[in-house]
Amino acid sequence: DIFRKDDNCIKNSGFIKDCMMFLLGGMVFFLTFFPYCVKRNSYLGVIYLGGRDTVLLGFGVAVLIYYGINIFFNKKITKPLLICFTILGIIHFNFVYLDWQESYYQQVQLQHEIAQNDEIRNNDTFLIMYKGDMICSNFYQTNGNSWEATGEETRYYMPGVASLVGLIDMNDDTWFLNAYGMNEYEYGEKVVDGIIFVDYTDIGRRTILKQKFNEIFNYPAFDKWIDDIKNIKYVPVTKEESDDMIKKCIDGELTDQMIYDMYY
């Protein structure tokens, strides 16, 4: 029988200690979970970007699992179970790491395009349309990639037509002007200079591991691979087209698909 049986559970000091520690783990879990839950007022992720909202939960969860196994399972099986949990955790988070690595390689492609494209370097306001993005495609991540590629914080990249609202409403009090890779951005004109279409292809795990090796030991080969798989298209936008785009956004008529139909 794998489940714990103890006729003298109440007298068993080990069992009492396990129960107390289990309750303590539950309290720690609740105390670390509560502020995240109140702040977000929605579900909490445990991996990718959402994982930052549960980073404090690890200790409480570990205590609950460890002492929960001690309480409910026979001592002969507790050790194999704990080893199994550990191995499964290692496997799971290594796969998650590979997803992050793929996302990073996607972002390096964009950095290369920004560094190499004169039209992007000579302008400062862009609508950026992502396809196949793995994890990171928000405006501040893209601004950061631009900063990495150029050393400048003068550009604003808006992912999708919904983010045009940020440009329309921008003023001196706009909170993200003070950070997020756009400290030197000039927002006065409120004109979209161009559209960047980014089409990321899926990168297999074997390729990710191979290119990680190249990144460390053979960077020229890695650099060439990034340029070979890069599929990014820049389309300039006139002031009249930009004004029409912004007007349609304000009226609620503009969609991502319309942008693809008109410019891609």
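Residues numbered from 1 in each chain as written. Predicted model: local features only at pLDDT ≥ 70, side-chain atom pairs only at ≥ 80, totals over all residues. Heavy atoms only, no water.

Enquirer: Which residues make up the side chain of glutamine 109, and what values do they have?
Expert: Along the chain, the position of glutamine 109 falls in helix α3 (residues 75-116). By relative accessible area, glutamine 109 is classed as buried at 1%. If we ignore the near neighbours within four places in the chain, the residues touching glutamine 109 are Tyr200, Ile203, Ile226, Ile229, Lys230, Asn231 and Ile232. (Helix = DSSP H or I, 4+ residues; strand = E, 2+ residues; numbered from the N terminus. Buried < 20%, exposed > 50% of the residue type's maximum accessible area, 1.4 Å probe, protein only. Contact = heavy atoms within 4.5 Å.)

Enquirer: I'd like a rundown of the sheet that holds strand β4 (residues 232-236), residues and numbers included.
Expert: Pairing is mixed in the open sheet, where 4 strands are placed in the order β2-β1-β3-β4. Edge strands, defined here as strands with exactly one partner in the open sheet, are β2 (156-159) and β4. Geometrically, the sheet is characterised by an average inter-axis angle of 25 degrees between neighbouring strands, direction not taken into account. Where strand β1 (residues 125-131) lies against β2, 4 bridges are found, and the strand directions are parallel. Paired with isoleucine 128 across the bridge in β2 is proline 159. Across the sheet, helix α10 (residues 256-263) lies against β1, β3 (194-199) and β4, angled at about 100 degrees from β1, the strand it touches most. (Pairing = 2+ DSSP bridges. Axes fitted to C-alpha atoms, helices over the stretch in contact; angles between N-to-C directions.)

Enquirer: I'd like a rundown of the nonpolar core, residues and numbers included.
Expert: In terms of nonpolar packing, the biggest core is built from 25 residues, with Leu127, Tyr156, Leu164, Ile195, Met245 and Ile259 touching the most fellow members. Of all the secondary-structure elements, those providing two or more residues to this core are β1, β2, α6 (164-168), β3, α9 (239-250) and α10. Ile120, Ile196, Tyr200 and Ile232 belong to the second-largest nonpolar core, a separate cluster that totals 12 residues. (Core = buried A, V, L, I, M, F, W, Y, C linked by side-chain atoms within 4.5 Å.)

Enquirer: I'd like a rundown of the packing of aromatic side chains, residues and numbers included.
Expert: Evaluated as defined, the whole model comprises 25 aromatic pairs. Ring geometry for phenylalanine 139 against tyrosine 156: centres 6.1 Å apart, planes inclined by 90 degrees, an arrangement best described as edge-to-face. Of this pair, phenylalanine 139 sits in helix α5 (residues 139-150) while tyrosine 156 sits in strand β2, and the two are 17 residues apart along the sequence. Judged by its relative accessible area of 15%, phenylalanine 139 is buried. Residue classification places tyrosine 156 among the buried positions, given a relative accessible area of 3%. Their ring planes at 65 degrees and their centres at 5.7 Å tell us that tyrosine 156 and tyrosine 185 sit as a pair that is edge-to-face. Separated by 29 residues along the polypeptide, tyrosine 156 in strand β2 and tyrosine 185 in the loop between α6 and β3 bring together distant segments of the chain. (Phe/Tyr/Trp six-rings, centres within 6.5 Å; stacked < 30°, edge-to-face > 60°.)

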